[in-house]
Amino acid sequence: MTSENTLDDEDTFKILIATDIHLGYLEKDAVRGNDTFNTFDEILKCAKENQVDFILLGGDLFHENKPSRRCLHSCISLLRKYCMGDTPILFDVLSDQAVNFSNSKFPWVNYQDENLNISIPVFSVHGNHDDPTGADGLCALDLLSSAGLVNHFGRSQSVERIEISPVLLQKGSTKLALYGIGSIPDERLYRMFVNNQVTMLRPKEDQDQWFNLFTIHQNRSKHGATNYIPEQFLDDFLDLVVWGHEHECLINPSRNEQRLFYVTQPGSSVATSLSPGEAVKKHIGLLRVKGRKMNLQKIPLHTVRQFFIQDLVLSEHPDLFNPDMPKVNQRVEAFCQEKVEAMIEEAERDRLGKPLTPEKPLIRLRVDYSGGFEAFNATRFSQKFVEQVANPKDVVHFIRQKEYKAKVKGEEDVDFGQLLSHSSTEGLRVEDLVKEYFQTAEKTVQLSLLTEQGMGKAVQEYVDKEEKDAIEELIRYQLEKTQRHLQQRGVLTEEEIDQEIRRFRESKKNTAEEDEEVQVALNRAKAHRIERGEDLDLSDEHDVSMDSDEDSAPPPPTRGRGRGGRGRGQTTARRGRGAAEPKPAGRARSRKASVATPTQGRNIMDAFQAPPQRPSRGAVAAKSYTDEITIDDDDSDDVSFVKPASRLTPASRPTPESRPTQSRRGSQSQSQSYRGVTFDDDDDEEDFDPFKGSSRSGRR
């Protein structure tokens, strides 16, 4: 490949991209406590050695919503060590920074602050782990922002409409529009996209000359009807989407053939669950952008702890053992020990010549004991490898491939013990348990006032963010509201009351009114906490437990990511200097339900007896440019991509002004010519220039 000096000229943006660093994960573990800090140090060191223009983080910088003092201290120390200095910043910000950073007390990019010496700016959106919360809607990133270490963007407060105003950057002749949206509950955001309530603003002039980079932190893979964000919901004028929240490293850009943009998924830099997605080798990306062309070099992380996982199905080895054999458990245990020892030996061979890699690997053996076999003592078995592995408490995990089919006839017919057993929770998420419970309890009267989404959010706030009054206030508020509705309707008989309550409940499901009810209840809970003098200081110390996708019931999600909970969005972006006009976005997702617990039944006739009330607190022109995209992989083969091609029209210098555009969807992909995707297996790259545009556009 051509030399880096040739690539990195005065017109080329160099951006280090990373997501889901999860600082502070298992920080109290004697073996794994420093893993996240060591890897963050490697990421920042890599940025400094490559002299990047800025670092782009895709959310979940912290694992806990309220990081410990040690975690914050380590993060601030590393950012100060690598991101402050006298190195000049070679790009300019053209957009209205008061709009881009409207939630900050210092609404401008940190490197332009006369009191700070920033050499590498860091831009970051918040994730679902470090989302804004509390009475003031603050998050850990806001602390770093006030300290001048991080530029926190992509916040949205409104639950009714989101306007995403880009940070407009220019380096030489290259113009970059940086879009971002922090984590929002999936189902809510999905509904907002469907209702055309998400708007992405664009520059008015020279729209075809801007490289559009979008950072998002949501579910990418489908976990339910609305529990994810389809790529098709995003606008088709985008060039590259950096997708956070998903932990599996799929950093090679994949082309969306309907919307004609590319998606890169860097994945996490630490394994927070023992699932297959976390076993993929971890990388970060070095993105180069020049004009409308880009080059992505993936960089392996050497300080990440090794993780090996295998599945063992006992019924597939009838020649070795069967359930009727004498002492079959001893035979199975000995066979499992051989498998674990083989993985440990493989880890030792792989670690040769890698001094930065931690010594003890993560090992997980998933044993399917269906077909009459019995599980042996997993704890005693795991203790054999205390000195060899980093997770000696859960080396082996027993599963059964037996699906549970609930007979939904009433709450009394649901066997929650079976629902939560190991035999039925493989791949089952907290949201599934909530939905299963409510589908069953719908048949009974005692939960006819509550909704799945509202109760799930209240339980999430109680568990994740210590809002002790969240559940009580939600029930109280929904009960009060139902009482007023029944009194207004003038219903008298018990049968009429039951029917009216069902209609009232159904009319609120998946609407903005339901979101408002949850928010009012949470505000009440926060008000009571403040009245009691309880503090939600971010510096509180918390015990950190291991996030395993397959541990005791109810299990965390099994898709290679951290907790399932999500936070609220914050501020609505306003128009920038030189008014940016809205363009409707596609569509996308809403709130994840959390665990719901059964509540005590109440007689429906008691609805007219009001409880004591507490005060409440208060799409786009078709792409017509030749765009070449390459991926430089220093540990695998090179891949080159060529985007839809035509010729660029001359345009004047950019201004921060913006104008509206209309989206052409559907037929757009049929009217464009492109070369498609080609894979080059040749390792010799000396003569390959990733920024060399093609002389003509081909048709395939």
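Positions within a chain are numbered from 1, following the residues in the order the chain's sequence is written. Thresholds applied to this predicted model are a pLDDT of at least 70 for local features of residues and 80 or more for the giving and counting of side-chain atom pairs; totals over whole chains, interfaces and linings are not thresholded and use all residues. Side-chain measures here rest on the full set of heavy atoms in the structure, leaving out hydrogens and waters.

Under an unreviewed UniProt entry, the protein chain has the name Double-strand break repair protein and belongs to Salvelinus namaycush. On record in UniProt, under Cofactor (unreviewed entry), the comment for the protein chain is "Mn(2+)". UniProt positions are given in the numbering used here, feature names are shortened, and annotations may be inferred rather than shown by experiment. Per UniProt, the protein chain carries the Sequence similarities (unreviewed entry) text "Belongs to the MRE11/RAD32 family."

Participant: Please clarify how the overall build of the protein chain should be interpreted in this entry.
Facilitator: Counting from the N terminus, the helices are the DSSP runs of H or I reaching at least four residues and the strands are the DSSP runs of E reaching at least two. A count of helical and extended segments in the protein chain gives 14 helices and 21 strands. Only protein chains enter the accessibility calculation, which uses a 1.4 Å probe; a residue is then buried when its area is under 20% of its type maximum, exposed when over 50%, and partly exposed in between. Looking at the 700 residues of the protein chain, the share that counts as buried comes to 57%.

Participant: When you look at empty space enclosed by the protein in this model, what are you seeing that I'm missing?
Facilitator: Left-over empty space is what a probe sized like a water molecule reveals as it rolls over the atoms. If you add up the space inside the second largest cavity, you get close to 90 Å³. Residues are said to line a cavity or pocket when one of their atoms sits within 4 Å of a point; the points come from a 1 Å grid over protein atoms alone, cavities being sets where a 1.4 Å probe fits but cannot get out and pockets being open sets with protein on both sides within 12 Å along at least five of seven lines. Along the walls of the second largest cavity sit Tyr 25, Arg 32, Asp 35, Thr 39, Ser 269, Val 270, Ala 271, Val 304, Arg 305 and Leu 362, which together make up its complete lining. Under this grouping Gly is polar, as are all residues other than the nonpolar Ala, Val, Leu, Ile, Met, Phe, Trp, Tyr, Cys and Pro and the charged Asp, Glu, Lys and Arg. For the lining of the second largest cavity, a count of residues per class yields five nonpolar, two polar and three charged. Grid points are joined across faces, edges and corners, and a volume is the space filled by probe spheres set on the points.

Participant: What am I meant to see in the packing of helix 2 (residues 35–49) against helix 3 (residues 69–83) here?
Facilitator: Helix-helix packing is characterised by the crossing angle of the two axes and by the distance between the axes. Comment: axis = line fitted to C-alpha atoms, over the contacting stretch for helices; angle = value between 0 and 180 degrees taken between N-to-C directions. Running from N to C, helix 2 and helix 3 cross one another at 15 degrees; their axes reach a closest spacing of 10 Å. Considering the angle they form, helix 2 stands roughly parallel to helix 3. Viewed along their axes, helix 2 and helix 3 form a crossing whose handedness is right-handed. Note on element contacts: helix 3 touches helix 2 through Arg 70, Cys 71, Ser 74, Cys 75, Leu 78, Leu 79, Lys 81, Tyr 82 and Cys 83, opposite Phe 37, Phe 40, Asp 41, Leu 44, Lys 45 and Lys 48. Looking at side-chain class alone, the contact of helix 2 with helix 3 contains nine nonpolar, one polar and five charged residues. Put simply, angles under 35 degrees are roughly parallel, angles over 145 are roughly antiparallel, angles from 65 to 115 are roughly perpendicular, and the rest are oblique. Two helices that cross are described as forming a left-handed crossing if the nearer one is turned anticlockwise from the farther one by less than a right angle, and a right-handed crossing if clockwise. In what follows, a contact means two residues having at least one pair of non-hydrogen atoms within 4.5 Å.

Participant: What should I look at first to understand the confidence of the model for the protein chain in this one?
Facilitator: One rule of thumb: low pLDDT means the predicted coordinates there are not for detailed reading. Here the protein chain averages 77 in pLDDT, while 67% of its residues score no lower than 70. What pLDDT conveys is the predictor's confidence in a given residue, as a value from 0 to 100. Note on residues 1–6: pLDDT under 50 across the span, and 15 contacts to partners over four residues away in sequence or across chains.

Participant: Help me out: how do you make sense of the pairing of strand 12 (residues 250–256) in this one?
Facilitator: For a regular strand, side-chain orientation follows a simple rule: the groups alternate between the two sheet faces. Any two strands are treated as partners once DSSP identifies two or more bridges connecting them. Strand direction decides the pairing type here: strand 12 and strand 13 (residues 261–265), joined by four bridges, are antiparallel. Bridging across to strand 13, Ser 254 finds its partner in Val 263. Between strand 12 and strand 13, which pair antiparallel and follow one another directly, the connecting turn spans four residues, one of which, Leu 260, has a positive phi of 65 degrees.

Participant: Got a minute to help me understand the packing of aromatic side chains in this structure?
Facilitator: The geometry of an aromatic ring pair is captured by the separation of the ring centres together with the interplanar angle, meaning the angle of the planes. Note on aromatic pairs: the rings of Phe, Tyr and Trp (six-membered ring only in Trp) are paired at centre separations within 6.5 Å, and the planes decide the class, stacked below 30 degrees, edge-to-face beyond 60, tilted for the rest. Per the stated rule, a full pass over the model turns up 17 aromatic pairs. Centre to centre, the rings of Phe 106 and Trp 108 are 6.0 Å apart; their planes meet at 75 degrees, and the pair counts as edge-to-face. Each ring, one from Phe 321 and one from Phe 373, has its centre 6.1 Å from the other, and the planes form 85 degrees; the classification is edge-to-face. Of this pair, Phe 321 sits in the loop between strand 16 (307–313) and helix 7 (328–351) while Phe 373 sits in the loop between strand 17 (362–368) and helix 8 (378–382); the two residues are 52 residues apart in sequence, bridging distant segments of the chain. Comparing Phe 321 with Phe 373 shows no difference in burial state: the two are buried. These aromatic residues form a ring-pair network of at least three members: Phe 13, Phe 54, Phe 91, Tyr 111, Phe 123 and Phe 153. Geometrically, a lysine NZ or arginine CZ counts as sitting over a ring once it is within 6 Å of the ring centre and also within 35 degrees of the ring normal. We note Arg 220 situated over the ring of Trp 243; from NZ or CZ to the ring centre the distance is 5.9 Å.

Participant: What is the right way to read the sheet that holds strand 16 from this model?
Facilitator: Hydrogen bonds between backbone groups are what pair the strands of a sheet, and the pairing can be parallel or antiparallel. A sheet is described by the order of its strands in space; here three strands give the open sequence 16-17-18, paired in parallel fashion. Strands at the two margins of the open sheet, each flanked by one partner only, are strand 16 and strand 18 (396–399). Averaged over all pairs of adjacent strands, the angle between their axes in this sheet comes to 20 degrees, without regard to strand direction. Across four bridges, strand 17 lies against strand 18 in parallel orientation. Residue Asp 368 lies in a different strand from strand 18, and its bridge partner there is Ile 399.

Participant: So what exactly am I meant to see when it comes to the nonpolar core here?
Facilitator: Most often, soluble globular proteins keep nonpolar side chains buried together rather than apart. Here the nonpolar core consists of buried residues drawn from Ala, Val, Leu, Ile, Met, Phe, Trp, Tyr and Cys, with membership extended through side-chain atoms lying within 4.5 Å. Counting residues in each nonpolar core, the largest one holds 35 residues, and the members touching the most others are Leu 23, Phe 40, Ile 55, Leu 61, Phe 62 and Leu 79. Sorting the residues of this core by element identifies strand 1 (13–18), helix 2, strand 2 (54–57), helix 3, helix 5 (140–146) and strand 14 (283–290) as the ones contributing at least two each. In terms of residue count, helix 3 provides more of this core than any other element does, seven residues in total. Within the second largest apolar cluster, 29 residues are counted, among which are Val 125, Phe 153, Leu 178 and Leu 296.

Participant: Hey, could you run me through the UniProt feature "active site" (unreviewed entry) in the protein chain in this one?
Facilitator: Here, UniProt's "active site" (unreviewed entry) annotation points to His 129. Using a relative accessible area of 0% as the deciding quantity, one classes His 129 as buried.

Participant: Explanation requested: a negative patch on the surface in the structure shown.
Facilitator: On the surface, Glu 338, Glu 341, Glu 345 and Glu 348 cluster together into a patch of negative charge. Looking at the element boundaries, Glu 348 is found in helix 7. Taking the relative accessible area as the measure of exposure, Glu 348 reaches 42% and is therefore partly exposed. Put simply, a patch holds well-exposed residues, over 30% relative accessible area, that have no salt bridge, with like charges counted together within 9 Å and Val, Leu, Ile, Met, Phe, Trp or Tyr side chains within 5 Å. Computed by Shrake-Rupley with a 1.4 Å probe, the accessible areas treat only the displayed protein chains as cover when residues are assessed. A pair is scored as a salt bridge if a Lys or Arg side-chain nitrogen falls within 4 Å of a carboxyl oxygen belonging to Asp or Glu. When charges are counted, neither His nor the chain ends are considered; positive counts come from Lys and Arg and negative counts from Asp and Glu. Here the site of a charge means atom NZ of a Lys, CZ of an Arg, CG of an Asp or CD of a Glu.

Participant: What is the right way to read the pattern of salt bridges from this model?
Facilitator: Close approach of charged atoms allows side chains of opposite charge to pair. Scanning the model with the defined rule gives 14 salt bridges in all. Put simply, Lys 290 and Asp 9 hold a salt bridge, and the shortest N to O gap is 2.8 Å. One end of the pair, Lys 290, is in strand 14; the other, Asp 9, is in the loop between helix 1 (4–7) and strand 1, and 281 residues separate them in sequence. The exposure class assigned to Lys 290 is partly exposed, which follows from its relative accessible area of 28%. For the salt bridge of Asp 394 with Arg 364, the shortest nitrogen-to-oxygen distance reads 3.8 Å. You can see Asp 394 sitting in the loop between helix 8 and strand 18 and its partner Arg 364 sitting in strand 17, a full 30 residues away along the chain. With respect to burial, Asp 394 and Arg 364 carry one shared label: buried.

Participant: What is the right way to read the pairing of strand 13 from this model?
Facilitator: Burial of strand 13 is extensive: five of the five residues sit out of reach of the surface. The alternating pattern of strand 13 places Phe 261, Val 263 and Gln 265 on one face and Tyr 262 and Thr 264 on the opposite face, and all of these are buried. When strand 11 (residues 240–244) meets strand 13, the two strands line up parallel, connected through three bridges. Bridged to Val 241 within strand 13 is Val 263.

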